[in-house]
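Each chain is listed here by its residues.
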Amino acid sequence: LVTKQSQEELLRVFSERKYTDNKGVSKDVSLIVISLSPQPTLSLAARYKLTPEEATHKLAGYFKSLGADLVLDMTIAEDLSLLEAQQEFLQRYQNQLADPSSKNMPMLASSCPGWVCYAEKTHGNFILPYISSSKSPQQVMGSLVKQYLSRSRELTPGEIYHVTVMPCYDKKLEASREDFYSEMLSCHDVDCVITAIELEQMLDVSSKSLNDITGAELDWPWGALGEAPPALRRHIGTGSGGYADHVFLYAAEQLFGESNAQLVYRNLRNPDFREVTLEKDGKEVLRFAVANGFRNIQNLVQKLKRGKSPYHYVEVMACPSGCLNGGAQVRPVTGESGRELVAQLEAMYSALPLAVPAESKLVRKLYAEWLDGKDSDKARAMLHTTYHAVEKSDIALNIKW
Ligand code: SF4
């Protein structure tokens, strides 16, 4: 699937409205759905000197001009991924208390495929029990589009061609995992991942600038819920999605009754490795970390192997500075440093309207109508996944950092 996730393939599907599935069978496409994540949208906003809102509308207009039927923002998938991760943490915390020799803690975030592939390839069975089973927002969106939206549109999942817009090439690897392919339906949850830099190239090749594109509104196919109109949103915490912050605040409240816990991070070896703690009655009860970049990840894994990790949870992201600095974000312009560009994207991200997953009416609707409630078998099937140790001889993927 990775080889099929190219700009050329995407343009071909737009023009022919057909794609070839894993078994080599040609399928007609009835609905092309584009899911926009915030990081590449901000990258393109910076590249074309647009506000995040303008860039969102221009991207929606661009995809519609190519033939997309729906352009969606991914807030709902991020909400569900965060809610599942925080619930999983509580369960793991309790499991660890019941069996201190178990491998429930630290829980390691799973939304970065660069990190997950590295863990599967390099640390095999040792590390996998620690990795959160909650799907990343991309793959939650995949389930939502192929399993829920298809039903409401009376289509088979294979009739939908689902494209996500992402900040790195590793998301293509994630989309192509067998875990996200249904043998029965003969389709993946995400058919094609396209990155910020590839979108810039597509515009360049057709001698267009995003500035010249007529904007369009994002679509909202989820029914009338009286929510704010669809828009790019942020979550509290880092521009990688805010996993550590969400899980920390939820755990502080649910486990220790601290509804006003403060998120005050302390930098450790470098700004890409920082931690936050919660004390109760003079005793440290929670210790969380954010570890970005390969050096810090290696350090974390070595600590774990020596039995010296002090953490309950770590938000692990392969890219230094996290997803806003993803490997397929648009490069800095001449005269601008990478650091300056990331700082600009961080400022843009922190100015976006805030999404609060627990308050989303759409979240409540989906748990009730689609997932048979929280903690149900269906919620686990749709929103969780598994990982696999890769034998060295099986390694065909070439992860680059
Ligand atoms: Fe992709 Fe980098 Fe984000 Fe990981 S940290 S998901 S590799 S952009």
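The structure this text deals with has already been given above.
Described in the following lines is the structure provided in the data block. This one's a predicted model, so the numbers in the text were calculated from it and none came from an experiment.

## Quick look at the pairing of strand 9 (residues 192-195)
Right, so step 1: Here strand 9 shows no split at all, with C192 and I194 on one side and V193 and T195 on the other all buried.
Right, so step 2: Note: strand 6 (residues 160-166) against strand 9, 4 bridges, orientation parallel. Residue pairing across strands places T164 opposite V193, the latter belonging to strand 9.

## Overview of the pairing of strand 10 (residues 266-270)
Right, so step 1: As defined by bridge partners, strand 10 adjoins strand 11 (residues 273-280) across 3 bridges and the pair is classed as antiparallel. Note that in strand 11 the partner of N270 across the bridge is F273.
Right, so step 2: Connecting the antiparallel pair strand 10 and strand 11 is a turn made up of 2 residues.

## Notes on the packing of aromatic side chains
Any two aromatic rings considered together are summarised by their centre-to-centre distance and by the angle between their planes.
Right, so step 1: If you walk through the whole model with that rule in mind, you get 13 aromatic pairs.
Right, so step 2: Ring centres of Y118 and F294 lie 5.1 Å apart, and the angle between their planes is 90°; on these two criteria the pair is classed as edge-to-face. Taken together, the residues Y118 in helix 5 (residues 113-127) and F294 in helix 10 (residues 294-305) connect sequence positions 176 residues apart.
Right, so step 3: We classify F294 as partly exposed; its relative accessible area is 29%.
Right, so step 4: A ring pair is formed by F273 and Y311, whose centres lie 6.3 Å apart and whose planes are at 40°; its orientation type is tilted. Note that F273 is positioned in strand 11 and Y311 in the loop between helix 10 and strand 13 (313-317), a separation of 38 residues in sequence. Each member of the pair F273 and Y311 is classed as buried.
Right, so step 5: Through a chain of ring-to-ring contacts, three or more aromatic side chains come together here, namely F89, Y93, F248, F256, F288 and Y313.
Right, so step 6: A cation over an aromatic ring shows up here: R47 above the ring of Y48, its NZ or CZ 4.3 Å from the ring centre.
Right, so step 7: R274 extends its terminal NZ or CZ atom over the ring of Y265, reaching a point 5.4 Å from the ring centre.

## Quick word on the packing of helix 4 (residues 75-98) against helix 6 (residues 137-152)
Right, so step 1: Packing of helix 4 against helix 6 leaves a shortest axis separation of 8 Å and a crossing angle of 110°. Put simply, helix 4 runs roughly perpendicular to helix 6. For the pair helix 4 and helix 6, the sense of crossing is right-handed. On the side of helix 4, the interface is formed by I76, A77, E78, L80 and S81, while helix 6 contributes P137, V140, M141 and L144.
Right, so step 2: Class assignment of the residues belonging to the contact of helix 4 with helix 6 gives a composition of 7 nonpolar, 1 polar and 1 charged.

Definitions and cut-offs
Residues numbered from 1 in each chain as written. Predicted model: local features only at pLDDT ≥ 70, side-chain atom pairs only at ≥ 80, totals over all residues. Heavy atoms only, no water. Buried < 20%, exposed > 50% of the residue type's maximum accessible area, 1.4 Å probe, protein only. Helix = DSSP H or I, 4+ residues; strand = E, 2+ residues; numbered from the N terminus. Pairing = 2+ DSSP bridges. Phe/Tyr/Trp six-rings, centres within 6.5 Å; stacked < 30°, edge-to-face > 60°. Lys NZ or Arg CZ within 6 Å of the ring centre and 35° of its normal. Axes fitted to C-alpha atoms, helices over the stretch in contact; angles between N-to-C directions. Parallel < 35°, antiparallel > 145°, perpendicular 65-115°, else oblique. Left-handed = near helix turned anticlockwise from the far one by under 90°. Contact = heavy atoms within 4.5 Å. Nonpolar A, V, L, I, M, F, W, Y, C, P; charged D, E, K, R; others polar.

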